[in-house]
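Remarks on the overall topology
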Amino acid sequence: MTSTPAVTVSGLHVKRGSQSIFRGFDLEIGEGKLVGLLGPSGCGKTTLMRCIVGAQRINSGM
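It should be emphasised that the depicted structure is a prediction, and the values quoted were computed from it without experimental measurement. (Residues numbered from 1 in each chain as written. Predicted model: local features only at pLDDT ≥ 70, side-chain atom pairs only at ≥ 80, totals over all residues. Heavy atoms only, no water.)

1. Things to note about the overall build of the protein chain
When its secondary structure is counted, the protein chain shows one helix and two strands. Along its sequence from the N terminus, the protein chain presents helices and strands in the succession β-β-α. C-alpha extents for the protein chain along the principal axes are approximately 45 × 25 × 20 Å. Out of the 62 residues in the protein chain, the part that is buried amounts to 19%. Summed over its atoms, the accessible surface of the protein chain is roughly 4,700 Å², and 50% of this surface lies on carbon and sulfur atoms. (Helix = DSSP H or I, 4+ residues; strand = E, 2+ residues; numbered from the N terminus. Buried < 20%, exposed > 50% of the residue type's maximum accessible area, 1.4 Å probe, protein only. Areas by Shrake-Rupley, 256 points an atom, 1.4 Å probe, with all protein chains shown as cover.)

2. Comments concerning the side chain of Gln56
Inspection of the secondary structure puts Gln56 in the segment after α1 (45-53). Judged by relative accessible area, Gln56 falls into the buried class, the value being 13%. Setting aside its immediate chain neighbours within four residues, Gln56 contacts Val14, Arg16, Thr47, Arg50 and Cys51. (Contact = heavy atoms within 4.5 Å.)

3. Considering the pairing of strand β2 (residues 19-30)
Where strand β1 (residues 5-16) meets β2, nine bridges bridge the pair, whose relative direction is antiparallel. Along β2, the bridge assignment pairs Pro5 with Gly30. Adjacent in sequence and paired antiparallel, β1 and β2 are bridged by two residues, among which Gly17 carries a positive phi angle near 65°. (Pairing = 2+ DSSP bridges.)

4. A few points about the nonpolar core
The biggest cluster of nonpolar side chains holds six residues, and these are Val9, Leu12, Val14, Phe22, Leu48 and Cys51. Going through the elements one at a time, β1 and α1 are the ones with two or more residues in this core. With sequence-adjacent residues up to four places away left out, Leu48 is seen in contact with Leu12, Phe22, Phe25, Leu27 and Leu37. (Core = buried A, V, L, I, M, F, W, Y, C linked by side-chain atoms within 4.5 Å.)

5. Notes on the packing of aromatic side chains
Within the structure shown, the criterion is met by one aromatic pair. Ring centres of Phe22 and Phe25 lie 5.1 Å apart, and the angle between their planes is 45°; on these two criteria the pair is classed as tilted. Under the relative-accessibility criterion, Phe25 is labelled partly exposed at 27%. (Phe/Tyr/Trp six-rings, centres within 6.5 Å; stacked < 30°, edge-to-face > 60°.)

Dropping the structure here:
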């Protein structure tokens, strides 16, 4: 049985000024899955969540 993705990110490109934050980022989270974002300060965890919920301006993708 194949589950439907609850979250799909495809080809995400985000820039802040001249700095690229994401370049072609892809992510798929299946329905009913529990996911944690881990990483050092400044690696893009909050930016990714803001993109997913629509609070971050993106250059392309999604």
